[in-house]
Amino acid sequence: MSKKEKKQDTKKKDAGKIFLEEASKSPLTLTILAIFSGLLLGGLLVAVTSVEVYQAFDISFWEGIKTGARAAWSTYEALFFGSIGNPGKIIEAIRGGEAEDIRRAFNPFFESLVVSTPYIFAGLAVALGFRVGLFNIGVEGQLYIGAATAVAAAIFLKGLPAIIHVPISLIAGFIGGGLWGFIPGFLKAATGGHEVINTIMMNYIAFRLSEFLLRGPLKNPEGFTPVSAPIEESARLLRFFQPPIRLHLGFFIALLVAYLVYLLLFKTTWGYTLRTVGANPRAAKYAGMNIMRTTILAMVISGGLAGLAGANEVLGVNHNLALAFSSGYGFDAIALALLGNSHPMGVVLSAILFGFLKNGAIQMQLSAGIPIDIIAVLQAFILAFIAAPAIIRTVYRLKEPDIDIDAVTLHGWGGN
Amino acid sequence: MKPILELKGITKRFPGVLANDNINLTLNKGEIHALLGENGAGKSTLMNILYGLYDPDEGEIFVNEEKINVSSPRDAIARGIGMVHQHFMLVPVFTVTENVMLGDETTHLGGFLDRKSPAARIREISDEYSLEVDPDSYVRDLPVGVQQRVEIIKLLYREADILILDEPTAVLTPQEVDELFTIMRSLVNSGKSIIFITHKLREVLTFADRITVIRGGKVVGTTTPKEADQNQLASMMVGRDVDLALNKKTANIKEKVLEVQDLVVLNDLNQVAVNEVSFNVHSGEILGVAGVQGNGQTELVKAITGLSHPVEGKIDLLGQNIDRSTPRAITELGSAHIPEDRQQDGLVLTATIADNLVLNTYYLDPFAKGVVIQEDQIRDNAENIIKNFDVRTPSAMIPVGSLSGGNQQKVIVGREFSRSIKFLVAAQPTRGLDVGSIEYIHNRLLEKRDDGCAILLVSTELDEIMELSDRIAVMFDGKIIAVVDAEGATKEQIGLLMAGVAEA
C-alpha cells in the first residue's frame, strides 16, 4: 500500500524537484557544499584577522564591512592567480606573442598539476588501505623509502635508454615503498600488532634511514651537503614544455595508476576480496578468504603507491634526493582520501583540489602577503565539514541519505 | 475487573510508514497481557509511545482511568510504568546495587553515595518475589537470566505497577524461560500488571492471560489462550493461513557423508569446548544437535566448517579428511554453511545483495573470467535467487543490511542452496525470524534433505529440533551425551538430557 502511495507522490512532483531531492542525497553535493562553506568561513577568517578591517570599522560600520569583503576577495583573487593564473596577464602575453611570456602566464596552472601529482599517488595509497580496513599512517615514510630506491636505480644504473630506465626507476620506487608497507602488514597479519602504531614507528625509521643514506651511500661524492648526485638524464620523467613549466609525464602516470587502482578494486576478484575483508573480516573468513594474505597484500600495494609518490617527485621534479623533500604529502593524503570517499576518482579530484590550494597558497603569500597558514585552516574547515556531514545537512536542509553503499568501513582499535 | 491501563486510538506515522494505526488496548490489574506480532508489526513502536520515547500523532493514554501525558521515560516511571528492553541497559562493571540506583541515587552528607540502604531494599524486593539476586555482585559476572531479573528489580525499586517486557525470552535458555514465567506469575499475584511482547506462539498460549495480536500497525484481535490455538494465532499474525505442521516424508537415508571421530576443539580462551565427540551424518537425513547455548555447539560447527582446527580427533567429509582444510577447500567439496550469526559471519551488510549472493563463489566461473569480475552474471544470478527464494527487495543492487532479518536469512539460504551441495551445516537457522520466514526455511531444509543432502542442524530451539530432525544428538558440557531417534523421542526426555540430568 505504501509503495503505491509513493509512486503517486513522485508522479505529482515535477522533474526539477525530483532532481533536487536526489541531488540533495548525493555525497557529491555534500562535498561541494563543504568546500563552499570552507571557503566562506575562510574568507570570514581573513576579514576578522585583518587590521585594516578594524580600522575601517572605526570610520563607519558600512566601511568596515566593505573592507572586510575586499580583504577576503583579494585573498581569493591571489589564490586564484597563484593556482590557475592571472587572466589579465594571460591575455597580455598572448597579445605580445612572446613564447616565454605565454609559458610564464600559464605556469601557475601547470605548476598546480605538478603539486597535485604526488597527492594523487599518496591519496590512492591511503584510500586503498581504507578500503581494506587498514589505516596506513605510514605513507610519508613509504614515500621517502620509495624516493630513495628510485633515486638509487636512477643514479647507479647507467647507459640504459629512457624507455627502460624510467620504468625500472619507477618500479624500484614501488618496491621500496611496498617493502616498507609489507613490514607493518606482516606484523598485523602474523601478530595482530596494530598498523597505526607500527606505520607511525616505520615513519621515523624511514626518515632517519634516508638521512643516513644521504650522508653515506647516496651522498653526492662531489658535494658537501646531504644531497644525492643528480639522477641520470635517461631516468628523468619527460617534461612537456620549456621552463618554467615543469609539468611532466608523472601526472599522466598518476591518472593511469588511479584508473588501474579503480579496476583492481571494483572489477577484479582480488578487489572483491580486498573490499570484503575491509567491510567485514568475519564474513570474509567464513567465505574462505585468506585474511592474512589479503592484509599483507593490501599494505604492500598501499606502500608501493606511496613509494611511487616519492619516485615521481625525484624523477619528475627534483632530479635528486634531498633531506625533507616532501612537505607532508603523506599526511595530507589521509585527509584527501577521506575527502575523496576512498574512491580512486574522488581521490584524483581531491588531490587536484589540494594541489591547487597548496600551489596557490605559496603564490598568495608572495603576492598578497596573506599567511600561507590560512590555506591549512581552509583545508581544516573543509575536512571538518566532510567529517561532520550533519552540520552541512542542517545548514543547507539536505535529506538524510539512504544507506550509503560506498561507505568505507574502518575498524577501531580492536584491530579485527 | 478495572483496567489499570488503557490506550485509545493510538496512531503513529513515520515517513512512508503507518507504524500504529488507531490502536486500542486495555490492561487489567493483575494480568499478563501478551502483545503478539511479527517483526515490524508495530509492537515496539506502541510500547515506546507508552514509555515516552515517541510522541503519538493521535490517541490518548489512561492510567487508572486518568488521562496522562508521557513525553519522557521519566514521566512514564512517575506514573508507575516501567520497561525492560530486549537489549539490557546495564553497566557491566557496576554492581547490581549501583546499576539499580543509577539515575535515582541516594546520597548522604550532600554527595556521598549511599549504597547500604538501596542494597537492603534490593534484598527485600529479591526476597519478596524470590528473584535470588545478590545486590553486591557485579553485573558482568551474572548469567543473562539473572541480568534480566536485575532489570526487573530496577522497575520494582522505582515502584512500577505496570511492567513492559520487550521480547524477554529471546535471550534465555529453556530453563531460564520457565523461571522467568514463575517470576512473572508471582509479580501479578502481588498486584502488578505485565505487558509482554513476543512473537513466540507457544509461550503466549502457556503463560498469558490475554493475547492481543498486531499486524501491519493494526490490532487484529484480542483473545485468550483457551479460545485460541497455535495455527489460529499464526494466521492472525501473518494474515494468511499458516500450516505449522510440517509435511515431513519418511527419510531415505543413504551413504555416510560426514564422519566425526573423537573430536576435541578449543574455544577462543583455549579451554576445551568440544570434548571427544563422535557422530555421523548420512545422505538424506537431518541430524539435529540439541543443547543449551554454550555447550560446545558453536565450536563444533567452527571445526566442521574449517573456521577453526581441532586439536585432536578427525573429521572426514565425503571420504576426505578435512581437519586442516580451509573454509574454501571445504566449501569446494560441496559443503554449505548457514552461520549462527548471520549479520557478523554470513553477510557483508554494506555490500549489495548481488555481491553477497556470490560471497563464496565470486572467483569461480561464470562470476569471474580469470580475475575479471563478470558483473552481468552476478546480477542475473541475484535476480534468479531473489525470485526463487522469495527475497522481498526492490532491487538486487541495494545493501543487504537494509533488508529485514527474515529476508537477510533468505539471502543466505538462497546463496547456499543454489550451489549443488551434498552437506549442509545449519546453525540457528531461524533465530529471531518471524513465523512466515520460519515456515519457509523449515520447508526448504526438508526439501534439501529429500534431495539427498546430509544436514547437520544445530539449534537451541527444542521445538525446531524435534520437528525437523531424523535423529537427535544432545550436547552437554562439550560432549554428545546421547543420540536418539527423533521418532518416539519426547520433549521431556530431550529436555532432561539437555540439562545434563539424565543419561540416555
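Residues numbered from 1 in each chain as written. Chains lettered and ligands numbered in written order. Predicted model: local features only at pLDDT ≥ 70, side-chain atom pairs only at ≥ 80, totals over all residues.

**Q** Requested: an account of the overall build of chain A, with residues and values cited.
**A** Within chain A, the secondary structure is distributed over 18 helices and 0 strands. When each of the 416 residues of chain A is scored for burial, the buried share is 45%. Considering only intrachain contacts with a sequence separation of at least 6, the fraction spanning at least 24 residues in chain A is 76%. (Helix = DSSP H or I, 4+ residues; strand = E, 2+ residues; numbered from the N terminus. Buried ≥ 20, exposed ≤ 12 C-beta atoms within 10 Å, placed from the backbone. Contact = placed C-beta atoms within 7 Å.)

**Q** Could you give me a rundown of the overall build of chain B, with the residues and numbers involved?
**A** Along its length, chain B carries 17 helices and 24 strands. Here chain B has a C-alpha radius of gyration of 25 Å; the compact-globule value for 504 residues is 23 Å, and the two agree. Counting only C-alpha atoms, chain B reaches 70 × 50 × 50 Å along its principal axes. Evaluated residue by residue, chain B yields a buried proportion of 45% over its 504 residues. Contacts spanning at least 24 positions in sequence make up 67% of the contacts within chain B whose residues lie at least 6 apart. (Rg over C-alpha atoms; globule rule 2.2 N^0.38 Å.)

**Q** Lay out the interface of chain B and chain A with the relevant residues and their values.
**A** With 27 residues of chain B at the contact, the number on the chain A side is 20 residues. Of all elements in the fold, only α10 (327–332), α11 (342–346) and β20 (372–373) of chain B reach the threshold of two or more residues within the side of chain B that touches chain A. Across the side of chain B that touches chain A, the residue classes tally to 15 nonpolar, 10 polar and 2 charged. (Nonpolar A, V, L, I, M, F, W, Y, C, P; charged D, E, K, R; others polar.)

**Q** Would you mind going over the packing of helix α5 (residues 61–83) of chain A against helix α16 (residues 344–368) of chain A in detail, with residue names and values included?
**A** Residue and element names in this part refer to chain A. Closest axis-to-axis distance for the α5/α16 pair is 7 Å, and the angle between their directions is 115°. Of the two possible hands of crossing, α5 and α16 adopt the one that is right-handed. Only F356, N359, G360, A361, I362, Q363, M364, S367 and A368 of α16 make contact with α5, whose side of the interface consists of S74, T75, A78, L79, F81, G82 and S83. In terms of residue class, the contact of α5 with α16 is made up of 8 nonpolar, 8 polar and no charged. (Axes fitted to C-alpha atoms, helices over the stretch in contact; angles between N-to-C directions. Left-handed = near helix turned anticlockwise from the far one by under 90°.)

**Q** Break down helix α8 (residues 139–156) of chain A for me, citing the residues and quoting the values.
**A** A rise of 1.5 Å per residue sets the reference length of α8(A), with its 18 residues, at 26 Å; its end C-alpha atoms lie 25 Å apart and thus fit the reference within 8%. Most of α8(A) is tucked away, with 17 of its 18 residues classed as buried. (Expected span 1.5 Å × (residues − 1).)

**Q** Which residues make up the domain arrangement of chain B, and what are the values?
**A** As a measure of interface size, the accessible area lost when the parts come together is often cited. Residue and element names in this part refer to chain B. Assigned domains of chain B: these are domain 1 (3–238) and domain 2 (256–334 + 420–498). For domain 1 versus domain 2, the separation of C-alpha centres amounts to 35 Å. Between domain 1 and domain 2, the contact holds 10 residues from the first and 9 residues from the second. Ranked by the residues each element gives to the side of domain 1 that touches domain 2, the list is headed by helix α8 (residues 230–238), at 3 residues. Looking at side-chain class alone, the side of domain 1 that touches domain 2 contains 5 nonpolar, 3 polar and 2 charged residues. (Domains from an automatic or database assignment.)

**Q** Can you break down unusual backbone geometry residue by residue, with the values?
**A** Most peptide bonds adopt trans geometry, and most residues besides glycine take a negative phi value. Of note, the bond from P243(A) into P244(A) is cis; its omega dihedral lies within 30 degrees of zero at 5°. Residue position: P244(A) is located in the loop between α10 (195–215) and α11 (250–267). In this structure, P366(B) follows D365(B) across a cis peptide bond, with omega equal to 5°. Look at E159(B): it is not a glycine, yet its phi comes out positive at around 60°. Its place among the elements puts E159(B) in the loop between α5 (144–157) and β9 (162–166). For E159(B), a count of 10 C-beta atoms within 10 Å gives the class exposed.

**Q** Residue-level account of the domain arrangement of chain A, with values.
**A** Residue and element names in this part refer to chain A. Assigned domains within chain A: domain 1 (16–83 + 350–409) and domain 2 (112–235 + 243–339). Each of domain 1 and domain 2 has a C-alpha centre, and these two points are 30 Å apart. Counting residues at the interface gives 16 residues for domain 1 and 17 residues for domain 2. If you list the elements that add at least two residues to the side of domain 1 that touches domain 2, you get α16 and α17 (373–387). Residue contributions to the side of domain 1 that touches domain 2 peak at 9 residues, all from α16. For the side of domain 1 that touches domain 2, a count of residues per class yields 7 nonpolar, 8 polar and 1 charged.

**Q** For the sheet that holds strand β13 (residues 256–266) of chain B, give the residues involved together with the corresponding values.
**A** Residue and element names in this part refer to chain B. Ordered by their spatial adjacency, 4 strands build an open sheet running β14-β13-β16-β17, and the pairing between neighbours is antiparallel. The open sheet has two free edges, formed respectively by β14 (272–282) and β17 (320–321), since each of these has just one partner strand. Each of β13, β14 and β16 (312–317) is contacted by helix α9 (residues 297–305), which is oriented at about 60° to β14, the strand it contacts most. (Pairing = 2+ DSSP bridges.)

**Q** Please provide a residue-by-residue account of the sheet that holds strand β6 (residues 81–84) of chain B, values included.
**A** All names here are of chain B. Ordered by their spatial adjacency, 6 strands build an open sheet running β6-β9-β10-β3-β11-β12, and the pairing between neighbours is mixed. At either margin of the open sheet sits one strand with a lone partner, and together these are β6 and β12 (218–223). Within this sheet the neighbouring strands show an average axis-to-axis angle of 20°, counted without direction. Note: β6 against β9, 4 bridges, orientation parallel. Considered in β9, the bridge of M83 is made with I164. Packing of α8 onto the sheet brings it into contact with β3 (32–36), β11 (210–215) and β12, and relative to β11 it is tilted by some 35°.

**Q** Can you break down the pairing of β9(B) residue by residue, with the values?
**A** All names here are of chain B. Of all 5 residues in β9, 5 are buried; the element is thus mostly enclosed. Alternating positions in β9 separate into two faces, I162, I164 and D166 on one and L163 and L165 on the other, with burial throughout. Summarising the sheet, β9 and strand β10 (residues 193–198) pair through 5 bridges and their orientation is parallel. Following the sheet pairing, D166 is matched in β10 by I197.

**Q** A description of the nonpolar core should follow, citing residues and the corresponding values.
**A** Across soluble globular proteins, nonpolar side chains have a tendency to be buried as a group. Ranked by size, the top nonpolar core spans 242 residues in total, and within it F121(A), A122(A), L124(A), V151(A) and L50(B) carry the most contacts. Non-local contacts of F121(A), meaning those with residues more than four positions away in its chain, are made with A254(A), V257(A), L305(A), A306(A), L308(A), A309(A) and N312(A). (Core = buried A, V, L, I, M, F, W, Y, C linked by C-beta atoms within 7 Å.)

**Q** Run through the packing of α8(A) against helix α14 (residues 291–318) of chain A, naming residues and quoting values.
**A** Helix-helix packing is characterised by the crossing angle of the two axes and by the distance between the axes. All names here are of chain A. One way to put it is that α8 packs onto α14 with a least axis distance of 6 Å and a crossing angle of 55°. With respect to α14, the axis of α8 lies oblique. By crossing handedness, the relation of α8 to α14 is classed as right-handed. Only G303, A306, G307, L308, A309, G310, A311, E313, V314 and L315 of α14 make contact with α8, whose side of the interface consists of V139, Q142, L143, Y144, I145, G146, A147, A150, V151 and A154. A breakdown of the residues in the contact of α8 with α14 according to their chemical character gives 14 nonpolar, 5 polar and 1 charged. (Parallel < 35°, antiparallel > 145°, perpendicular 65-115°, else oblique.)

**Q** Account for the environment of D485(B), naming residues and giving values.
**A** Structurally, the position occupied by D485(B) is in strand β24 (residues 479–485). Remark: the alpha-carbon pair of D485(B) and P394(B), spanning 91 residues in sequence, is separated by 44 Å.

**Q** Quick rundown of the pairing of β16(B)? Include the residues and the values.
**A** All names here are of chain B. Summarising the sheet, β13 and β16 pair through 5 bridges and their orientation is antiparallel. Bridge pairing links V260 to I315 in β16. Judged from the 2 bridges that link them, β16 and β17 form a sheet pairing that is antiparallel. Opposite D316, over in β17, you have N321 as the bridge partner. Here β16 hands over to β17 after 2 residues, with L318 in that stretch at a positive phi of 50°.

**Q** Give a detailed account of the confidence of the model for chain A, specifying residues and quantitative values.
**A** Residue and element names in this part refer to chain A. Counting all residues, the mean pLDDT for chain A is 87, and 89% of those residues have values of 70 or more. Predicted confidence for residues 1–12 stays below pLDDT 50, and this span has 4 contacts to residues more than four positions away or in other chains. Low pLDDT (under 50) marks residues 409–416, which in the prediction has 13 contacts with non-local residues, meaning those over four places away or in another chain. (pLDDT = per-residue confidence, 0-100.)

**Q** How would you summarise the environment of D365(B) if you had to cite specific residues and measurements?
**A** Residues and elements named next belong to chain B. Relative to the assigned elements, D365 resides in the loop between α12 (353–356) and β19 (368–369). Residue D365 is classed as exposed on the basis of its C-beta count, with 10 C-beta atoms lying within 10 Å. C-alpha of D365 to C-alpha of T173: the two residues are 192 residues apart in sequence and 44 Å apart in space.

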